[in-house]
Structures are given as structure tokens and as C-alpha cells.
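Residue strings, one per chain:
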Amino acid sequence: MTCVANFFTYETTKSVVVKSWTIGVINRAVQLLIIAYFVGWVFIHEKAYQIRDTAIEASVVTKVKGLGNYSNRVMDVADYVTPPQGSSVFVIITKLIVTQNQVQGFCPETEVKYSCKSDSRCKGQNPITKNGYLTGRCVNYSPTYQTCEIQGWCPTEIDTVNVPIMYEAEDFTIFIKNSIRFPLFNFEKGNLLSNLTTDHIKKCLYDPDTNPHCPIFRLGDVVRLAGQNFSKLAADGGVIGIKIGWGCDLDRSWDNCVPKYTFTRLDSISEKNNVSPGYNFRYAKYYKRENGSEYRTLLKAYGIRIDVLVYGNAGKFNIIPTLINIVAAFTSVGVGTVLCDIILLNFLKGADQYKARKFEEVSEVNLPSVASASTEMYKSNQTLAGGRNDEKQSTDSGAFSIGH
């Protein structure tokens, strides 16, 4: 019964004025901090009075320019950029291992683990190698060295040779044309800003301090701004991200919405991996002889892959988030009262006296006596005033009324 009685209770607010400098200072300080947080951080910094659109729609077109000299051969864009469509992800090749005049046929495998002395050694191997299928025969690779024979493209690739780096790639330039749209506000913008002229674009190069809005980037600067060493990256290959951030406050003018460029290495984990560091891939160029036979040139390419990543959001004033955050601010001011109550009830001298004033328990049994006491006091006042003492008590609510 006690649990049931405790469940069916009602609590109402009782105001107690505490005249204490300590509690008063704490209360006002907490309230001031909360107000400063909402005004400074929530409304000014985070612009919580705005509705935001993060569903950015973006397109990216890229173009690389520059000439390189690699193995006594002049390399232009068609030679060292793949794929050639000018998309947001492309590779600038900096090192090549070339295996020429490969044809379909039979030849010795070049990997050391396939060395042999007899056919039995080759028949015990996994029949598939990285270059072809084992035939089960042990053949001469040289007059003094034998390896297992494979069927595939011959001669097989030797990718352990040292080849030079195309250092001219450090001066190659990347032109990026980016268009974005925020569908919620039907707002469109591009990174080719209105103050950029044709002459300016032909001459400018991106610099974070002196020319932060130029859409042309020198590859060496991109690598440096990503915190990487160009020689090492060109030798092993890697993935660099050019991030274009759009943070647009649409309550301001159209010209104030400008992109911000940042640079980072995206495959930093593979850089630390000894198994497969860097970035490389293979591709082939196919040809036909006059007799109709096919042959190819196999290329293992090391290069710097560029990923252009676009992100952003736009905000504009809206009454709904404004009202929600204003209500949240006023509600949070009450935290000061809660903190002060905790201090008064538990830590300050005279906490028991404050508890006695703050909390008062009134049981249903005591209510009639309280009402009677109020009635007797009222009668006394009426008698002293010379008025009539006729009183009536309603039977349904327990309230008193005065009869005439």
C-alpha cells in the first residue's frame, strides 16, 4: 500500500528565495555561460538559425598539361595520363617498366621460385603463375639456368629492374573545372570565379596564400601541400586527394560563396605496408603484323593518382530552426537552478534548513484540518469586522463559500 500511495502523489513548484552571495554568483555565472554558448557558438559560429543543405551535386572536369622526357622519348599528355577522359580520378604516370613484343606462346618463367632441375619439380607446382599456365616441363632459361615453362604471353615480364623516374612531372599542371548545385535552394556556382579572366587563368598557379582561387595546380605543389616527398612518391606511386570544400552562407552575397582547396594523401596506410607499398598498375598496347599475328607491349606503370573530391553545405535563414534553438537556449538557462539546488542541498552549511523550506509534504488526511483552520480564521475576521458569519461548504470540492 505504501508503494501505491507514493505512486499516486503530486508535486508542485514552491519558490524559496535564498539570499546568499555564493549561490547568487554561481547561479548568474552559469546562466551567463549558457547564454554566451548559445549566442557565440550555436548562433554565430554554427549558424543554427539557418536551414542547411548537405546534398551537394557536383561535376568535375580535369585537364593536365606538360611535356616529359622519359628514356630518350618525349612524353605528352596522351602518353602519361590515364584514363584520357578528364574525369575526377586520373593517373599521371611517373615510371614505366616496358616488356616489348610479347606474343602468345611457350617460354620459361622468370620468377626465381620456378627454378628447376627436372620436369618433376614443375609438375608439383600450382599450375597457374602470374604470367601463364605451367606446362610441366623444365626448360633452359639460359645456358646455365633452368626454369619451368609456361604458356602465355612471351617473353614474360621482369618487373624487378631499376628504371628512371620522369622528374619533369613535378612541373605538370592540373586544371580543374568544378560546378556545384545545392538543390534545396536551387543554388549553382562554379570554381571559375567572376574575377578570373582568360589572361589570368593562362598565367596563374594555385597558391594557398597569394592565389587561393586559381583553378590550375602544379603537381609538385600538390604533392608538397599533401605533406609528401615528390621523388619518393613518383618512384613508388601513391594516391593524392584534392578536396574542394564549399561552405556557403546564402544570407550573404553570391560572390562570398567560394571554394577552399585542401590536399592529403589518401593511401597513407599502403605507404606503411611492406607487402604492397605505393600504387602501380599494368596495361598493354596491342598490334598486328602483316601476316595477321598479334603482339603487344606490356607496361607496368607507377604513378600519382589524383582523386578530386567535392564536399560542402549551404545554409539560409529559416524561422523554424531559429525558434527551436531559442527555446533550447531558454530551457538550458534552467541548468543554473539545478546546479544551485544540488549545492544548497548537499554542500553548503545549513543544507537541512534549506531542505525543510524547499520540500513540504501535505497528506490528504490533513487537508480538512487545514481548511477548518482557514474557515475559523475567516469567521474571526468577519466577527471583528461586524459582518455576518454565515458560511457554506460545498459537498463536492471541499471549498468554502460565504452565504448572505
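Our subject is the structure that appears above.
Bear in mind that the values here come from a model prediction, so they are computed numbers and not experimental data.

Details of the overall build of the chain
- If you tally the helices and strands in the chain, you get 12 helices and 17 strands.
- In the chain, buried positions account for 34% of the 404 residues.
- By sequence separation, contacts in the chain at least 24 residues apart represent 67% of the contacts at least 6 residues apart.

Remarks on the packing of aromatic side chains
- Per the counting criterion, the structure on display carries 14 aromatic pairs.
- One aromatic cluster is present, built from ring pairs that chain together Tyr206, Phe217, Tyr261 and Phe263.
- The cationic tip of Lys189 hangs over the ring face of Trp254; the distance from NZ or CZ to the ring centre is 4.1 Å.

Looking at the pattern of salt bridges
- Going through the model one piece at a time under the given rule, you end up with 13 salt bridges.
- The partner of Glu157 in a salt bridge is Arg282, with the nearest N and O atoms 2.9 Å apart. Within this pair, whereas Glu157 is found in the loop between strand 8 (145-154) and strand 9 (173-182), its partner Arg282 is found in strand 14 (residues 280-288), the two being separated by 125 residues in sequence.
- In this structure, Arg224 and Asp221 form a salt bridge, with 3.5 Å as the shortest nitrogen-oxygen distance. Here Asp221 and Arg224 lie together in helix 6 (residues 219-225), a separation of three residues that amounts to about one turn.
- Connected through shared salt-bridge partners, Lys130, Glu157, Asp159, Arg282 and Lys300 make up one network.

Topic: the nonpolar core
- Counting residues in each nonpolar core, the largest one holds 48 residues, and the members touching the most others are Tyr80, Leu219 and Ile306.
- When residues of this core are traced back to their parent elements, those giving at least two are strand 2 (57-65), strand 6 (89-108), strand 9, helix 6, helix 7 (230-236), strand 12 (238-249), strand 13 (259-265) and strand 15 (294-317).
- Core analysis: the next-biggest nonpolar cluster, separate from the first, contains nine residues, Tyr114, Cys116, Cys122 and Cys154 among them.

Focus: the state of the cysteines
- For the coordinates displayed, the defined rule picks out five disulfides.
- In this model Cys107 forms its disulfide with Cys154; the gap between the sulfur atoms is 2.1 Å. What sets the handedness of the Cys107 and Cys154 disulfide is the S-S torsion sign, and at about -80° it is left-handed. In this pair, Cys107 sits in strand 6 while Cys154 sits in strand 8, placing the two residues 47 residues apart along the sequence. The pair formed by Cys107 and Cys154 is uniform in burial state, with each residue classed as buried.
- Cysteine pairing for the chain, with bonded cysteines counted in sequence order: 1-6, 2-4, 3-5, 7-8, 9-10.

Some points on a positive patch on the surface
- A surface patch of positive charge is lined by Lys63, Lys65, Lys177 and Lys202.
- Mapped onto the secondary structure, Lys63 falls in strand 2.

Some thoughts on the side chain of Arg265
- Assignment of secondary structure puts Arg265 in strand 13.
- Polar side-chain contacts of Arg265 include one of 3.4 Å to the backbone oxygen of Gly237.
- Reaching out from Arg265, the side chain makes a polar contact with the side chain of Asp267 at a distance of 2.6 Å.

Section: the pairing of strand 12
- Counting buried residues along strand 12, 10 of its 12 residues qualify, which places the element largely inside the surrounding structure.
- For strand 12 and strand 15, the ladder comprises 12 bridges, and the chain directions are parallel. Residue pairing for strand 15: Ile244 is matched across the bridge by Val310.
- As paired elements, strand 12 and strand 13 share seven bridges and run antiparallel to each other.

Brief notes about helix 9 (residues 319-333)
- Compared with an ideal rise of 1.5 Å per residue, which puts 15 residues at 21 Å, helix 9 spans 21 Å between its outermost C-alpha atoms and is within 8% of the ideal.
- Taken together, the buried positions of helix 9 are occupied by Pro321, Thr322, Asn325 and Ala329. Mapping the buried residues of helix 9 onto a view down its axis gives an arc of 105°, with all of them on the same face. Along helix 9, the residues that are exposed and aim more than 90 degrees away from the buried face are Ile320, Ile324, Val327, Phe330 and Thr331.
- The elements touched by buried residues of helix 9 are helix 2 (21-45), strand 1 (50-53) and strand 15.

Regarding unusual backbone geometry
- A cis geometry characterises the amide bond from Thr82 onward to Pro83, with omega recorded as -10°.
- With an omega of 0°, the peptide bond between Cys154 and Pro155 qualifies as cis.
- Residue position: Pro155 is located in the loop between strand 8 and strand 9.
- Even without being a glycine, Lys47 presents a positive backbone phi close to 50°.

As for a nonpolar patch on the surface
- Nonpolar side chains collect at one region of the surface, where Phe317, Ile319, Ile320, Leu323, Ile324, Ile326 and Phe330 lie side by side and expose about 740 Å² of accessible area between them.
- No other element matches the six residues that helix 9 contributes to the nonpolar patch.
- Assignment of secondary structure puts Ile319 in helix 9.

Remarks on the packing of helix 10 (residues 335-346) against helix 11 (residues 351-358)
- Packing of helix 10 against helix 11 leaves a shortest axis separation of 7 Å and a crossing angle of 120°. Classified by the interaxial angle, the pair formed by helix 10 and helix 11 is oblique. Facing helix 10, whose interface residues are Asp341, Leu344, Leu345 and Asn346, helix 11 presents Ala351, Tyr354, Lys355 and Lys358.
- Taken together, the residues of the contact of helix 10 with helix 11 sort by class into four nonpolar, one polar and three charged.

What counts and how
Residues numbered from 1 in each chain as written. Predicted model: local features only at pLDDT ≥ 70, side-chain atom pairs only at ≥ 80, totals over all residues. Heavy atoms only, no water. Helix = DSSP H or I, 4+ residues; strand = E, 2+ residues; numbered from the N terminus. Buried < 20%, exposed > 50% of the residue type's maximum accessible area, 1.4 Å probe, protein only. Contact = heavy atoms within 4.5 Å. Phe/Tyr/Trp six-rings, centres within 6.5 Å; stacked < 30°, edge-to-face > 60°. Lys NZ or Arg CZ within 6 Å of the ring centre and 35° of its normal. Salt bridge = Lys/Arg side-chain N within 4 Å of Asp/Glu carboxyl O. Core = buried A, V, L, I, M, F, W, Y, C linked by side-chain atoms within 4.5 Å. Disulfide = S-S within 2.5 Å. Patch = residues over 30% accessible without salt bridge, like charges linked within 9 Å, V, L, I, M, F, W, Y side chains within 5 Å. Areas by Shrake-Rupley, 256 points an atom, 1.4 Å probe, with all protein chains shown as cover. Lys, Arg positive; Asp, Glu negative; His and termini not counted. Charge placed at Lys NZ, Arg CZ, Asp CG, Glu CD. Polar contact = N/O pair within 3.5 Å; in protein donor to acceptor, adjacent residues only side chain to side chain. Pairing = 2+ DSSP bridges. Expected span 1.5 Å × (residues − 1). Arc of directions from axis to C-beta. Axes fitted to C-alpha atoms, helices over the stretch in contact; angles between N-to-C directions. Parallel < 35°, antiparallel > 145°, perpendicular 65-115°, else oblique. Nonpolar A, V, L, I, M, F, W, Y, C, P; charged D, E, K, R; others polar.

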